[in-house]
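# Geometric and topological summary
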Amino acid sequence: MGALKPTLCARCAAQGKTCCQGREIYLTPGDVRRIAAFTGESQFVEWNQTADPSYLDQDDDPIWRQHVFRRDGSRRILRRAPNDDCLFLGPQGCRLPLAVRPLLCRLHPLTYTADHIDAEPDATCPRRLLVSGETVLSATGTPMAQARQWHQQLYEEIITDAPDNRTDLRPTL
Ligand code: SF4
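Residues numbered from 1 in each chain as written. Predicted model: local features only at pLDDT ≥ 70, side-chain atom pairs only at ≥ 80, totals over all residues. Heavy atoms only, no water.

## Brief notes about the environment of Ile-117
So the rule is basically this: Only DSSP runs of H or I with at least four residues qualify as helices, and only runs of E with at least two residues qualify as strands; both kinds are numbered from the N terminus onward. Throughout, exposure labels follow a simple rule: accessible area from a 1.4 Å probe, protein chains only, divided by the maximum for the residue type, with under 20% read as buried, over 50% as exposed, and the rest as partly exposed.
Mapping Ile-117 onto the fold places it in strand β6 (residues 117-121). Judged by its relative accessible area of 12%, Ile-117 falls in the buried class. Distance from Ile-117 to Ala-147, taken between C-alpha atoms, is 8.6 Å for residues 30 residues apart in sequence.

## Topic: the site of the ligand
How we decide: Nearness is defined per residue: one heavy atom within 4 Å of the molecule or strand is enough. The nonpolar class holds Ala, Val, Leu, Ile, Met, Phe, Trp, Tyr, Cys and Pro. Asp, Glu, Lys and Arg form the charged class, and all remaining residues, Gly among them, are polar.
Close to the ligand lie Cys-20, Leu-78, Cys-86, Phe-88, Leu-89, Cys-94, Leu-96, Arg-101, Pro-102 and Cys-105. Partitioned by chemical class, the residues of the shell around the ligand number nine nonpolar, no polar and one charged.

## Examining the nonpolar core
Side chains of nonpolar character tend, in soluble globular proteins, to be buried together. Where we set the bar: Residue types Ala, Val, Leu, Ile, Met, Phe, Trp, Tyr and Cys, when buried and joined through side-chain atoms within 4.5 Å, form a set referred to as a nonpolar core.
Of all hydrophobic cores here, the largest spans 26 residues; its most connected members are Phe-44, Trp-64, Tyr-112 and Leu-154. Considering every element that reaches this core, the biggest residue donor is helix α6 (residues 144-158), with five residues. Formed by seven residues, the second largest nonpolar core is a distinct cluster that contains Leu-8, Cys-12, Leu-129 and Ala-139.

## Regarding α6
Given 3.6 residues per helical turn, the α-helix brings residues three or four places apart onto the same face. To be explicit about the condition: For a helix, the expected span equals 1.5 Å multiplied by the number of residues minus one. What the arc measures is the spread of directions leading from the helix axis to the C-beta atoms.
If you check α6, its first and last C-alpha atoms are 21 Å apart, about what 15 residues at 1.5 Å a residue would give, namely 21 Å. Those residues of α6 lying buried are Ala-147, Trp-150, His-151, Leu-154, Tyr-155, Glu-157 and Ile-158. Seen along its axis, α6 keeps its buried residues to an arc of 160 degrees; they face one direction. Summarising the geometry of α6, the exposed residues directed more than 90 degrees from the buried face are Ala-145 and Gln-149.

## Things to note about the packing of aromatic side chains
Put simply, the rule is: The aromatic pairing rule takes the rings of Phe, Tyr and Trp, using the six-membered ring of Trp, and pairs them if the centres are within 6.5 Å, calling planes under 30 degrees apart stacked, those over 60 edge-to-face and the rest tilted.
Counted according to the given criterion, the structure contains four aromatic pairs. Taking the centre distance of 6.0 Å and the plane angle of 55 degrees together, the rings of Phe-44 and Phe-88 count as tilted. In this pair, Phe-44 is assigned in the loop between α2 (29-39) and β1 (45-49) and Phe-88 in the loop between β2 (74-78) and β3 (89-90), connecting sequence segments 44 residues apart. Judged by its relative accessible area of 0%, Phe-44 is buried. Aromatic side chains Tyr-112 and Tyr-155 sit 6.4 Å apart centroid to centroid with 90 degrees between the ring planes, which places their arrangement in the edge-to-face category.

See the structure below:
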């Protein structure tokens, strides 16, 4: 029996910088609760305006635009270490179990709006690492039914993220 081929994420990580470095990862209120319960910490959150202007172009996803951004344009994201790595990135990859990982991370590199999931992955995903006959879903080991479930959960949690019930976990200055 042949050796199992590494997942696309493992192949990508072996090439250098990964999607767990230098990324702005929005956290739903549910993500915050799950990560806080697992880690016993709350200092993994910050509110920040995006450094990537293309992120503000959410005209095709009014639910995202309405619920994710506050009036000043900031949104709740995972803090990064001084070297720009995600705080939860360890030598073997993400230190959070899949069920605790932010929903955005679980769905990456799929792209989507509230209405649908695109077949095409995020443009930054290195499709050159796919072998013949592989799709991004098969190479990341994510069944589409699972992706649809996470996508539904993501938007169910996003709509709970309204100005009146947001939990601001920013450290006091
Ligand atoms: S939470 Fe895990 S999967 Fe998400 S960016 Fe951080 S290290 Fe990567």
